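Read off the chains here:
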Amino acid sequence: SGNNNAGGNLTTVQGDLVILNTAGGSYGLVTTQNTTVNISGKLQIDAGTLYLSGSTGNPTVNVFGNVTINGGTLQPASTGSTVTNLNIRGNWTNNGTLTTGTGSTIRMNGVTPQTMIGSTFNNLVIDNATGVTLNSAETITNNLSITTGSVLNLGAFTHTAGTLTLGGIGMA
């Protein structure tokens, strides 16, 4: 048990990043850097906790494949105030736990149609002209932004607070 730590600055994962189990601890992909990390394949969490940021640093993590939370926890920031941007080119499936901080933003920015299943997001940006389809009830607790030219196919959708932005025009 405990935390898994590695020195240096990770900037690229060639292929998939799969967290099988952190044995009661956690794995931090980015801790204190304002950096960009590219994952060329999928991001999958089966058990345990994956942090994308520590108490400081404002990383951007680009996932070029699917993001799947099968049973563990994806926590973009280890504290509530750290700004973390997670850009996803593939699909989003959550059968585990997503714990977002107040500064976390998930951006669906694929170039082919994307789907989303099962989460509560702090900030969600739809940036895909070929469309993002919500296949389950999704909750956005702060802001939902849909960029100009993007398509969001609403299934069951709940917007509980903040601002809804469509094409750059905010509506409370």
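Structural data are supplied above this passage.
Residues numbered from 1 in each chain as written. Predicted model: local features only at pLDDT ≥ 70, side-chain atom pairs only at ≥ 80, totals over all residues. Heavy atoms only, no water.

### Quick notes on the overall build of the protein
So the rule is basically this: Numbering of helices and strands runs from the N terminus, with a helix taken as a DSSP run of H or I at least four residues long and a strand as a DSSP run of E at least two residues long. Exposure classes here rest on a 1.4 Å probe applied to the protein chains alone. A residue is buried below 20% of its type maximum, exposed above 50%, and partly exposed in between. Only heavy atoms enter the contact rule, under which two residues are in contact if any of them lie within 4.5 Å. Residue exposure ignores everything except the shown protein chains as possible cover, and the areas themselves are Shrake-Rupley values with a 1.4 Å probe.
Per the secondary structure count, the protein includes zero helices and 21 strands. Burial analysis of the protein (172 residues in total) assigns 42% to the buried set. A separation of at least 24 residues holds for 41% of the contacts in the protein among residues at least 6 apart in sequence. With an accessible surface of roughly 7,600 Å², the protein has 48% of that area assigned to carbon and sulfur atoms.

### Here's the deal with the sheet that holds strand β16 (residues 132-134)
Under the convention used in this document: Two strands are counted as paired when DSSP detects at least two bridges linking them.
Taking strand neighbours across the sheet as the criterion, the seven strands line up as β2-β5-β8-β11-β14-β16-β18 in an open arrangement whose pairing is parallel. This sheet does not close on itself; its edge strands, each paired only once, are β2 (17-19) and β18 (152-153). Inspection of the sheet shows strand β5 (residues 43-45) paired to strand β8 (residues 67-69) by three bridges, in the parallel sense. Looking across to β8, one finds that Leu 43 is bridged to Val 67.

### Here's the deal with the sheet that holds strand β12 (residues 97-98)
Strands sit in the order β3-β6-β9-β12 across an open sheet of four strands; the sheet is parallel. The sheet is open, and its two borders are formed by β3 (27-28) and β12, each paired with just one other strand. Bridge analysis of strand β9 (residues 73-75) against β12 gives two bridges, and the strand direction is parallel. Bridging across to β12, Thr 73 finds its partner in Thr 97.

### As for the pairing of strand β7 (residues 60-63)
A two-sided burial pattern is seen for β7, the buried positions comprising Thr 60 and Asn 62 on one face and Val 61 and Val 63 on the other. Pairing of β7 with strand β10 (residues 85-88) involves four bridges; the strand directions are parallel. Considered in β10, the bridge of Val 61 is made with Leu 86.

### Some points on the environment of Arg 89
With respect to the secondary-structure elements, Arg 89 resides in the loop between β10 and β11 (92-94). Residue classification places Arg 89 among the partly exposed positions, given a relative accessible area of 34%. Discounting residues that sit within four places of it in the chain, Arg 89 has contacts with Val 63, Phe 64, Gly 65, Asn 109, Gly 110, Val 111 and Gln 114.

### Digging into the side chain of Asn 94
Inspection of the secondary structure assignment puts Asn 94 in strand β11. Leaving out residues up to four positions away in the same chain, Asn 94 has contacts with Ile 69, Ile 117, Gly 118 and Ser 119.

### Some remarks on the pattern of salt bridges
Note the threshold: In the sections that follow, a salt bridge refers to a side-chain nitrogen of Lys or Arg positioned within 4 Å of a carboxyl oxygen of Asp or Glu.
With the rule as written, the count across this model stands at one salt bridge. Residue Arg 107 pairs with Asp 127 through a salt bridge whose shortest N-O separation is 3.2 Å. You can see Arg 107 sitting in strand β13 (residues 105-108) and its partner Asp 127 sitting in the loop between β15 (120-126) and β16, a full 20 residues away along the chain. For Asp 127, a relative accessible area of 30% corresponds to the partly exposed category.

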